[in-house]
Amino acid sequence: QLGHGSTCGFAFPKLVSAFVGLNARVVNVSCGPYHTAAVTSDGQLFTWGNGMYGRLGHGDSLSVYVPRKVAGLAHHFVTSVSCGWWHTAAVV
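What you see is a predicted model; the values in this text were computed from it and never measured.

**Digging into the nonpolar core**
Taken as a class, soluble globular proteins show a tendency for nonpolar side chains to be buried jointly. With seven residues, the main nonpolar core is built from Ala37, Val39, Leu45, Val70, Val78, Val81 and Cys83. Counting residues per element, the ones that place at least two in this core are strand 2 (35-40) and strand 5 (80-83). Setting aside residues no more than four positions away along its own chain, Val78 makes contact with Val39, Gly43, Leu45, Leu73, Ala90, Val91 and Val92. The next biggest cluster of nonpolar side chains, apart from the first, holds five residues, and it includes Val16, Phe19, Ala38 and Phe46.

**Quick notes on the packing of aromatic side chains**
Under the counting rule described, the total for this entry stands at six aromatic pairs. Between Tyr34 and Trp86, the ring centres sit 6.2 Å apart and the planes meet at 25°, which makes this aromatic pair stacked. In this pair, Tyr34 is assigned in the loop between strand 1 (26-31) and strand 2 and Trp86 in the loop between strand 5 and strand 6 (88-91), connecting sequence segments 52 residues apart. Given a relative accessible area of 47%, Trp86 falls into the partly exposed group. Judged by centre distance (6.4 Å) and plane angle (40°), the ring pair of Trp85 and Trp86 falls under tilted. The rings of Tyr34, Tyr53, Trp85 and Trp86 are connected pair by pair, giving a single aromatic cluster.

Thresholds applied
- Residues numbered from 1 in each chain as written.
- Predicted model: local features only at pLDDT ≥ 70, side-chain atom pairs only at ≥ 80, totals over all residues.
- Heavy atoms only, no water.
- Core = buried A, V, L, I, M, F, W, Y, C linked by side-chain atoms within 4.5 Å.
- Buried < 20%, exposed > 50% of the residue type's maximum accessible area, 1.4 Å probe, protein only.
- Helix = DSSP H or I, 4+ residues; strand = E, 2+ residues; numbered from the N terminus.
- Contact = heavy atoms within 4.5 Å.
- Phe/Tyr/Trp six-rings, centres within 6.5 Å; stacked < 30°, edge-to-face > 60°.

If you want it as structure tokens, here you go:
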């Protein structure tokens, strides 16, 4: 769930390269036990981690190990996000 493309842990902080080069910065992050979500300053929502029960919002139950934009909210401006055990809630 760290967003580095694998399930390996790291002992020290590491930049999440998926956000490098975006024309926006990450302004809100929430971590659940099995997944993570981030909101950018231009209102985009990204999720990654274990996709069981559709908690990532990508329309399936697949796991994703790098941040992926939630296409279903592409036409909305997301202001914040919160991850629970089995869900992700976004405020638009």
